[in-house]
Amino acid sequence: MRPLRKDCRLLMSNRLPYKRILLKLSGEALMGKLEFGISPDVMSFLAHEIKAIIDLGVQVALVVGGGNIFRGEGLARAGMDRVTGDQMGMLATCINALALQDAVERVGLGARVQSAIRINEVCEDFIRRRAVRHLEKGRVVIFAAGTGNPFFTTDSAAALRAIEINADLLLKATKVDGIYTADPKKDPGAKRYDALTYDQALDQRLGVMDQTALVLCRDNKIRLRVYDMDRPGALLSIVTGDTNIGTLVQV
């Protein structure tokens, strides 16, 4: 398929409900069926899903976790210093971000990794205005190292970066097709929500994101949609206006 011309992409993007999104990926999501590390099949799938919406003119940023490589919180419970553990986790997210950058570039897109901690030899520092400029040029921006601070999750980093870049929608890619009243893998009677308010998610402690992330989104009126990342074409359907995928959380 021939790539869309820039003016055609601009015309199409003007008709879309979301022109700039931030996609939150957990590190575990990158493992696929592996027990550890990064699945090439998952990376290729994600890159093609992202390309499909970039080709429409949607601007895409990502925040990625590092749990497929290292989880600092778990080792902290076993006695490791929590700050050290979290810093190691930040470095794990940088590894994942570089892998995502490579996957995205292999499908013909431009990509930049921006890190909240300084590792200039392998990626850029996070600079808000530079990140926005990359997005405006059609590049995928991958935010690594969380917020750069211990004790904050990558969920909180995703909420923060979505606010900073003025994203129209924050997407959280999961292994289930939305938010449920209970874990659907453990409770066959669990029911999926089509929509929720942030106050409901906070009051019911549904576990979709940590409390800090939810409060940040609520107070800054960021819309959040939780969806099944393994469903082919789901990302494209969401950005083109399909409201039947996943669960929408808003004020």
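Fair warning: this is a prediction, and the values are worked out from it, not measured in the lab. (Residues numbered from 1 in each chain as written. Predicted model: local features only at pLDDT ≥ 70, side-chain atom pairs only at ≥ 80, totals over all residues. Heavy atoms only, no water.)

## Things to note about the nonpolar core
We apply this condition: In this description, a nonpolar core means a group of buried Ala, Val, Leu, Ile, Met, Phe, Trp, Tyr and Cys residues linked to one another through side-chain atoms lying within 4.5 Å. Relative accessibility decides the category of a residue: with a 1.4 Å probe and only protein chains considered, values under 20% of the type maximum give buried, values over 50% give exposed, and everything between is partly exposed. Runs of H or I in DSSP of at least four residues are treated as helices and runs of E of at least two as strands, each being numbered from the N terminus. When checking whether two residues touch, look at their non-hydrogen atoms; a contact exists if any pair is within 4.5 Å.
Ile21, Leu62, Val140 and Tyr227 are the most contacted members of the largest nonpolar core, which totals 44 residues. Put simply, the parts of the chain that give this core at least two residues each are strand 1 (20-25), helix 2 (40-54), strand 2 (59-64), helix 4 (82-106), strand 3 (111-115), strand 5 (140-144), strand 6 (169-174) and helix 9 (234-239). Per-element tally for this core: the top contributor is helix 2, with seven residues. Residues within four places of tyrosine 227 in sequence aside, it is in contact with Leu23, Leu171, Lys172, Ala173, Thr174, Val176, Ala234, Leu235, Ile238, Ile245 and Gly246. Core analysis: the next-biggest nonpolar cluster, separate from the first, contains 33 residues, Ala131, Leu202, Cys217 and Val226 among them.

## Some points on helix 5 (residues 128-136)
Selection rule: The arc in question is formed by the directions pointing from the helix axis toward the C-beta atoms.
Every buried residue of helix 5 is listed here: Ala131, Val132, His134 and Leu135. The buried residues of helix 5 occupy an angular sector of 155° when the element is viewed end-on, so they sit on one face. Buried residues in helix 5 make contact with strand 1, strand 2, strand 3, strand 4 (124-125) and strand 5. Backbone geometry just downstream of helix 5 places glycine 138 in the positive-phi region, at approximately 85°.

## Some points on the environment of aspartate 125
Here is the rule we go by: Two N or O atoms count as a polar contact when they lie within 3.5 Å, although within protein this holds only if one can serve as hydrogen donor and the other as acceptor, and sequence-adjacent residues are included solely when both atoms are side-chain atoms.
Positionally, aspartate 125 belongs in strand 4. Put simply, aspartate 125 and alanine 144 are 19 residues apart on the chain and 9.5 Å apart in space, counted from C-alpha to C-alpha. Discounting residues that sit within four places of it in the chain, aspartate 125 has contacts with Gln114, Ser115, Ile117, Arg118, Ile119 and Asn120. In this structure the side chain of aspartate 125 is engaged in a polar contact, spanning 2.8 Å, whose partner is the side chain of asparagine 120.

## Digging into the environment of tyrosine 193
The topology assignment puts tyrosine 193 in strand 8 (residues 192-193). Between the C-alpha atom of tyrosine 193 and that of isoleucine 179, which follows or precedes it by 14 residues, the distance is 5.8 Å. Discounting chain neighbours no more than four positions away, the residues touching tyrosine 193 are Ile179, Tyr180, Thr181, Gln204, Leu206, Gly246 and Thr247. Side-chain polar atoms of tyrosine 193 contact the side chain of glutamine 204, separated by 2.8 Å.

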